[in-house]
Amino acid sequence: MKAFQMQCKMEIKRVLRNRYFVFWSLMMPIIFYYIFTNVVNTNAADPAAWKAHYLMSMTAFSVMGSSIMTLGIRMVQERTQGWSTFIRLTPLPDHIYFSAQMVGQSVIHILSITVIFLAGAIINRISLTPMEWFMSGLWILLGSIPFLAMGTLFGLMKKVETAAGISNVLYMVLAVCGGMWMPLEIMPKAMQSIGHWLPSYHFGSGAWEIVQGGLPSWKNIVILFAYLVVFMLLSKYIRRKQEAA
Amino acid sequence: MNEILRLENVTKSFKYKTAVNNISFSMKKGEVTAILGPNGAGKTTTISMILGLLKPTTGDIKLFNSQSQELHVRQKIGTMLQEVSVMPGLTINEILVLIRSYYPEPLPLKDLVNLTGLTEQDLKTRTEKLSGGQKRRLNFALALAGNPELMIFDEPTVGMDITSRQRFWQTINTFANQGKTIIFSTHYLQEADDNAQRILLFKDGSIVADGTPQQIKSRISKKAVSFLTDPEKSLEILYHHSEIEQIFRKNNRVYIYSDHTDKILELLFQEKIGAHDIQIESGNLEEAFRQLTSENKEAI
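Residues numbered from 1 in each chain as written. Chains lettered and ligands numbered in written order. Predicted model: local features only at pLDDT ≥ 70, side-chain atom pairs only at ≥ 80, totals over all residues. Heavy atoms only, no water.

Per an unreviewed UniProt entry, the recorded name for chain B is ABC transporter ATP-binding protein, and the organism is Neobacillus paridis.

The name given to chain A in an unreviewed UniProt entry is ABC transporter permease, with the source organism recorded as Neobacillus paridis. Heading Subcellular location (unreviewed entry) of the UniProt record for chain A holds this comment: "Membrane". (UniProt positions renumbered as here; feature names shortened; annotations may be inferred.)

Right under this line is the structure:
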């Protein structure tokens, strides 16, 4: 138990010290949020609804990013630096190591969600019901699981540089095409039809529904779950192939 | 229950190469053993198998009478691998606190610092900013963190400067005196000789000798008699004597290798070789070791 708590604490410390995390997951979304709700005139029909909608976009953008990037890159780092091997030789059981990373990651996500929500509430005086705040936060927290699974895929790569490069590009593509930077509705038809099949769109969509007083649709849940299964199977398949080699 | 480690007929084959070929040995509590051999002799493969990082192709390995993966075994061993390992994003102090929390009876942090020569400054440094030497010290501290009964080190002094090296062996000797069991690999005969009570000499994946440093040394070192003589003088007459292992001329000096140097002296006078300026050499140990363990390319 002592080892588990200590492991969680250290995992959290490590993420907070990571400058990429602080920049991409906390500063960028807040700056973007400020720009697209206050500086740039978006001619939204309902400004209040747009402000709440875009706050969800940016929070989802932030959490998706740290899910994809932090975990995967750390896996590559630990493997290439011999740390994974060393940990295998200590008495720390694998499941504790793994669950501590998950808990650490979740705490970080809760922190990101809280900080960005607070920023939104302060910058634009967004008023949602407590239930809406809570539900949208919870949706973003749980909906990030498929992206964590995706992160472990990058974690199987050989070099930190490759993993960081590819995951970064994919992160941006998912964010833009999934309607996180600007709503899908204002994009060309072709983009829209691609976007509707991306996990990022359904991740954001659930939160957008909640702040409009609705609930995530079944389609959101089913597609995110399907992606989770695909990523996990793919990860298992690649790992087995790597072990055989 | 005095036996800490046992390997029985252990073989490890990779696709194109047999790295370790049917080795067996056991270690008793309190023994300090060196695995000595040149690069590629199978030292690291053997250590990786002992630690459970590699699975033997055939054969059986037991630590504390169990498999190495078992928790109670993990709690009793401390290791330092060739590959330097650090956890990015944490300071040395934080890593030590973390790793100590894995073990039931860890060494106090203060002891770890004293034993490994880490400084106050080192403790506050994040791992990504550490120098090679500092990383090595950290890894030594990590190996000791759990106060292990069995310590396993793969080429521990590679990348250490002379001071760290001395300190390392001093610490190891202290632990040896406390009755800890220690096994380390090295390709320096000197290091094995100075610090181990027992040497396992590896060559091409096999153990070619197993004994005290004294035994190993007498086995691998060749004594020689050398002398000057008239270059015209034929030495053929000496060839018939079976005591002589090898005879050759180098820069006018004749060298005769033999375990029985006294007998050789007797022969020299008996056969009236006209030898003068006679020297008896106990043989260069390192040289002999290199010859024994290297490929037999000079066997022509």
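(A) The pairing of strand β2 (residues 18–28) of chain B, seen in detail. Residues and elements named next belong to chain B. Strand direction decides the pairing type here: strand β1 (residues 3–13) and β2, joined by 7 bridges, are antiparallel. In the sheet register, R6 faces β2, and the bridge partner there is S26. The hairpin formed by β1 and β2 contains 4 residues between the paired strands. (Pairing = 2+ DSSP bridges. Helix = DSSP H or I, 4+ residues; strand = E, 2+ residues; numbered from the N terminus.)

(B) Quick look at the interface of chain A and chain B. In this complex, chain A contributes 23 residues to the contact, which on the side of chain B involves 27 residues. Summing both partners gives a buried area of about 2500 Å² for chain A against chain B, and 65% of it is carried by carbon and sulfur. Sorting the residues of chain A by area buried against chain B places A:W83, A:L89 and A:P91 first, and these three jointly supply 29% of that buried surface. Counting every contact that joins chain A to chain B gives 2 salt bridges. If you look at where chain A meets chain B, you find 6 residue pairs in polar contact (both at pLDDT 80 or more). Those elements giving two or more residues to the side of chain A that touches chain B turn out to be α1 (2–17), α3 (47–80) and α4 (83–89) of chain A. Taken together, the residues that form the side of chain A that touches chain B break down as 9 nonpolar, 7 polar and 7 charged. (Contact = heavy atoms within 4.5 Å. Buried area = accessible area lost by both parts, 1.4 Å probe. Salt bridge = Lys/Arg side-chain N within 4 Å of Asp/Glu carboxyl O. Polar contact = N/O pair within 3.5 Å; in protein donor to acceptor, adjacent residues only side chain to side chain. Nonpolar A, V, L, I, M, F, W, Y, C, P; charged D, E, K, R; others polar.)

(C) Expanded view of the confidence of the model for chain B. All names here are of chain B. Here chain B averages 87 in pLDDT, while 94% of its residues score no lower than 70. Below a pLDDT of 50 lies the segment residues 296–300, which in the model reaches 1 contact outside its immediate sequence neighbourhood of four places, other chains included. Here the complex is predicted with pTM 0.79, and the ipTM for its interfaces comes to 0.79. (pLDDT = per-residue confidence, 0-100.)

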